[in-house]
Amino acid sequence: MNSKEFFNQFYQTTKDHYYSQSLFTFFNQIVFSKLPQRELKILDIGSGSYSLFEDCTGLNAHVDAIDFSKTAISNTPISKINYKLLDITDAHHFNFPFYDLIFDSHCLNCITSEDDRENAFKNIYSALVVGGIFASEIMIQPIGEHVSMPFKSIKSAQEIEQTFVSHGFKIIYFMISSESGFSNSIGGIEVKCDLLRIIAKK
Ligand SMILES: C[S@@+](CC[C@H](N)C(=O)[O-])C[C@H]1O[C@@H](n2cnc3c(N)ncnc32)[C@H](O)[C@@H]1O
């Protein structure tokens, strides 16, 4: 089974509206203050079947939300958000600077091939206007330990920093939290990651 098949199966059984609450807090408390005060163009990557921007009432924005899982996209609500069945690693749709904000809603962690990650970063950079913001909340390796999870690529904070910089981004916010780290039960063993919140400018 590959990652897309995994998520297609996941969204067949998980019909509830779903996104991690930490993302909503990250956007409202930290990212929002770094955005220009005008109508915004936002891309939510890996939105699943319900983008967190559904609940950002009062936000003056055109929002595109993408996911590569057809079961996720077929379960999206009717709303002002434009849900699209798209893969962030596919260059065809992201080669024009259009968005003021690209928000990674725990999608990068799910891209396990190094070539695909490279393409995702290139596409994110190309799809942002100059001065545009890329904000990501991402699981990272806990300091002093090592964690691996099926269908997930969990890098160290240093590797993530290097990837952002090597793609031309200027990092303006970098916060690691151990307390709000994500945990998963794998083979009956609880594994816990740290959490990195990163904001970068093109
Ligand atoms: C861990 S879930 C996060 C869902 C939700 N945004 C949240 O935060 O709870 C990751 C999502 O990214 C999507 N995804 C993974 N790889 C993708 C890709 N290459 N392009 C677009 N979506 C992808 C998956 O289908 C899944 O919905």
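What this report covers is the structure whose coordinates are included nearby.

Parameters at a glance
Residues numbered from 1 in each chain as written. Predicted model: local features only at pLDDT ≥ 70, side-chain atom pairs only at ≥ 80, totals over all residues. Heavy atoms only, no water. Core = buried A, V, L, I, M, F, W, Y, C linked by side-chain atoms within 4.5 Å. Buried < 20%, exposed > 50% of the residue type's maximum accessible area, 1.4 Å probe, protein only. Contact = heavy atoms within 4.5 Å. Salt bridge = Lys/Arg side-chain N within 4 Å of Asp/Glu carboxyl O. Helix = DSSP H or I, 4+ residues; strand = E, 2+ residues; numbered from the N terminus. Phe/Tyr/Trp six-rings, centres within 6.5 Å; stacked < 30°, edge-to-face > 60°. 1 Å grid on protein atoms, 1.4 Å probe; cavity = no way out; pocket = protein on both sides within 12 Å on 5 of 7 lines; lining within 4 Å. Points joined across faces, edges and corners; volume = space filled by probe spheres on them. Nonpolar A, V, L, I, M, F, W, Y, C, P; charged D, E, K, R; others polar. Pairing = 2+ DSSP bridges. Near = heavy atom within 4 Å. Polar contact = N/O pair within 3.5 Å; in protein donor to acceptor, adjacent residues only side chain to side chain. Areas by Shrake-Rupley, 256 points an atom, 1.4 Å probe, with all protein chains shown as cover. Sits in = over half its atoms within 2 Å of the grid points.

1. Brief notes about the nonpolar core
Consideration 1: Core analysis: the biggest nonpolar cluster contains 26 residues, and I88, I102 and F134 have the highest contact counts within it.
Consideration 2: In contact with F134, other than residues within four places in its own chain, are I102, D104, L108, F121, I124, L128, F164, F169, I198, I199 and A200.
Consideration 3: Core analysis: the second largest hydrophobic core is formed by 25 residues, F26, Y50, Y83 and I199 among them.

2. Comments concerning the pattern of salt bridges
Consideration 1: Considering all chains together, one arrives at four salt bridges under this definition.
Consideration 2: Note that D64 and K84 form a salt bridge whose closest N and O atoms lie 3.7 Å from each other. Separated by 20 residues along the polypeptide, D64 in strand β2 (residues 61–67) and K84 in strand β3 (residues 82–85) bring together distant segments of the chain.
Consideration 3: Between K155 and E114 there is a salt bridge, with the nearest N and O atoms lying 2.6 Å from each other.

3. Concerning the packing of aromatic side chains
To describe a pair of aromatic rings, one takes the distance between the centres and the angle between the planes.
Consideration 1: Taken as a whole and judged by the stated rule, the model has 17 aromatic pairs.
Consideration 2: The interplanar angle of 65° and the centroid separation of 6.0 Å between the aromatic rings of F27 and F32 together place this pair among those described as edge-to-face.
Consideration 3: Overall, the relative accessible area of 1% leaves F27 in the buried class.
Consideration 4: According to the relative accessible area criterion, F32 is partly exposed, its value standing at 33%.
Consideration 5: On the numbers, 6.0 Å between centres and 90° between planes, the contact of F27 with F103 is edge-to-face. With F27 in helix α2 (residues 21–31) and F103 in strand β4 (residues 99–105), this residue pair connects regions lying 76 residues apart in the sequence. Exposure class is identical for F27 and F103. Each is buried.
Consideration 6: Taken together, the ring pairs in this structure connect F6, F7, F10, Y11 and F151 into an aromatic cluster.

4. Notes on the layout of surface pockets
Consideration 1: Put simply, the largest pocket is a space of about 890 Å³.
Consideration 2: Lining the largest pocket are 43 residues, with F7, H106, C107, C110 and K152 positioned closest to its centre.
Consideration 3: Elements supplying a minimum of two residues to the lining of the largest pocket: α1 (3–13), β1 (40–45), β2 and β7 (183–186).
Consideration 4: The element that contributes the greatest number of residues to the lining of the largest pocket is α1, accounting for six residues.
Consideration 5: Considered class by class, the residues forming the lining of the largest pocket number 22 nonpolar, 15 polar and six charged.
Consideration 6: The calculated volume of the second largest pocket comes to roughly 210 Å³.
Consideration 7: As for the second largest pocket, its lining consists of F53, E54, C56, T57, G58, L59, A61, H62, V63, K80, I81 and N82.
Consideration 8: At three residues, the largest contribution of residues to the lining of the second largest pocket is made by β2.
Consideration 9: When grouped by side-chain class, the residues that make up the lining of the second largest pocket number six nonpolar, four polar and two charged.

5. Considerations on the pairing of strand β9 (residues 194–201)
Consideration 1: Among the eight residues in β9, seven count as buried, and that is most of the element.
Consideration 2: Both strand β5 (residues 128–140) and β9 contribute to a ladder of eight bridges, which runs antiparallel. Within β9, the residue paired with M139 across the bridge is L195.

6. As for the site of the ligand
Consideration 1: The environment of the ligand is formed by 20 residues, the closest being Y11, L23, G46, D67 and D87.
Consideration 2: Within the backbone of I88, an N or O atom sits 3.1 Å from a nitrogen atom of the ligand.
Consideration 3: Taking S105, its main chain carries an N or O atom lying 3.0 Å from a nitrogen atom of the ligand.
Consideration 4: Starting from 590 Å² of accessible surface for the ligand in isolation, the protein chains cover 95%.
Consideration 5: At a threshold of 2 Å from the grid points, most atoms of the ligand map onto the largest pocket.
Consideration 6: Looking at the shell around the ligand residue by residue, the class counts come to 11 nonpolar, seven polar and two charged.

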